[in-house]
Amino acid sequence: MEELKLKITNSLKHIADTQSVNKTERYSEPEKRKIAGASKDFESMLTSMMLKSMTSSVEGFFGEDSYGGDYFDSIFTMELASKISEGNSLGIAQQIYQKVTGEKWDDSIMNPQQKVNFDDLRIQINQKNKLDAEQVNLGGSKVDKISPSNHSLKRLEKYEPVISKFADKFEVDKNLIRSIILAESAAKPDAVSTAKAKGLMQLMDGTAKEMGVKNSFDPVENIHGGTKYFTHLLRKYSGNIPLSLAAYNAGPGNVEKYNGIPPFDETKNYVNRVLGYYNYFNG
């Protein structure tokens, strides 16, 4: 899917050209609040698209090399766009509101904040991450798509034949393996975690040995071992994908200890990130 590129010379042109409804029509206060809210949502969405377009050349706010950067970049962009919209920086919402109602925007309608507080924004993003993570349960709740960076996708392309080969061998969805690789290493075969997990699918030495992997930095061996291990977890947990992903990240012992996805922020965010990539690949 190609990233949407925006080229806007006059952000209000299309609004100005749009035929408005009868301005003499009266709206109740609740209706005005709904119109104002919808106008703000539209401005926030447009701002988010503009921010994403402007940062595309540097792979977003967090850069191409940050693990999980795609996930947090999406959240940060949406939150920042929302705050910019609340601050009346673009004035698009006000224009829409006036076109529809025939009345000038009154700040008392929405009581928007006048200034973006980045410290508060950072706290809100962290809280949102936790809430998003909590949505994952044993049944597999809906998770929004996460678009991988262009660089990580390009790296992933080199291993497509290997991924397909072992996904077919172990009868597992290749999009799951793709998503695990992106979440684990951003498709970098030489990646090493602080816990000494290695390679594309971040195999610990013990797991690698158990799966017959002699060199975790060899992409073919790593993908073979990682796919084999994840398939083992899928069988263990009766095909439950979120639970299997949690075990891949935190270990089966922790899944059994907590009788489900462990209450670790890292693990819950990891599950959401993999499922976000998975939803991206599945359209």
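Further up the page is the structure itself.
Thresholds applied
- Residues numbered from 1 in each chain as written.
- Predicted model: local features only at pLDDT ≥ 70, side-chain atom pairs only at ≥ 80, totals over all residues.
- Heavy atoms only, no water.
- Axes fitted to C-alpha atoms, helices over the stretch in contact; angles between N-to-C directions.
- Helix = DSSP H or I, 4+ residues; strand = E, 2+ residues; numbered from the N terminus.
- Parallel < 35°, antiparallel > 145°, perpendicular 65-115°, else oblique.
- Left-handed = near helix turned anticlockwise from the far one by under 90°.
- Contact = heavy atoms within 4.5 Å.
- Nonpolar A, V, L, I, M, F, W, Y, C, P; charged D, E, K, R; others polar.
- Polar contact = N/O pair within 3.5 Å; in protein donor to acceptor, adjacent residues only side chain to side chain.

Undergrad: Help me understand the packing of helix α8 (residues 174–185) against helix α10 (residues 219–236) in this model?
TA: The angle between the axes and the distance between the axes are what describe a pair of packed helices. Where α8 meets α10, the axes come as close as 11 Å, and the angle between the chain directions of the two elements is 115°. In terms of orientation, α8 lies roughly perpendicular with respect to α10. Judged by the twist between their axes, the crossing of α8 over α10 is right-handed. Contacts from L176, I177, I180 and I181 in α8 reach I223, T227 and F230 in α10. Per-class residue counts for the contact of α8 with α10 are six nonpolar, one polar and no charged.

Undergrad: Explain the environment of Q202 to me, please; I cannot follow it from the model alone.
TA: Its location among the elements puts Q202 in the loop between α8 and α9 (205–210). In this structure the C-alpha to C-alpha distance between Q202 and P189, which are 13 residues apart in sequence, comes to 9.0 Å. Each residue touching Q202, except ones within four places of it in the same chain, is listed here: E184, A191, V192, S193, A197 and N222. At 2.8 Å, the side chain of Q202 and the backbone oxygen of G199 are in polar contact.

Undergrad: I tried to follow the packing of α10 against helix α11 (residues 241–250) on my own but got confused; where do I start?
TA: For the pair α10 and α11, interaxial distance at closest approach is 9 Å and the crossing angle is 130°. In this view, α10 runs oblique relative to α11, as classed from their interaxial angle. In the crossing of α10 with α11, the sense of the turn from one axis to the other is right-handed. In this structure, α10 uses G226, Y229, F230, L233 and L234 to contact α11, whose residues at the interface are I241, S244, L245, A247 and Y248. The residue inventory of the contact of α10 with α11, partitioned by class, reads eight nonpolar, two polar and no charged.

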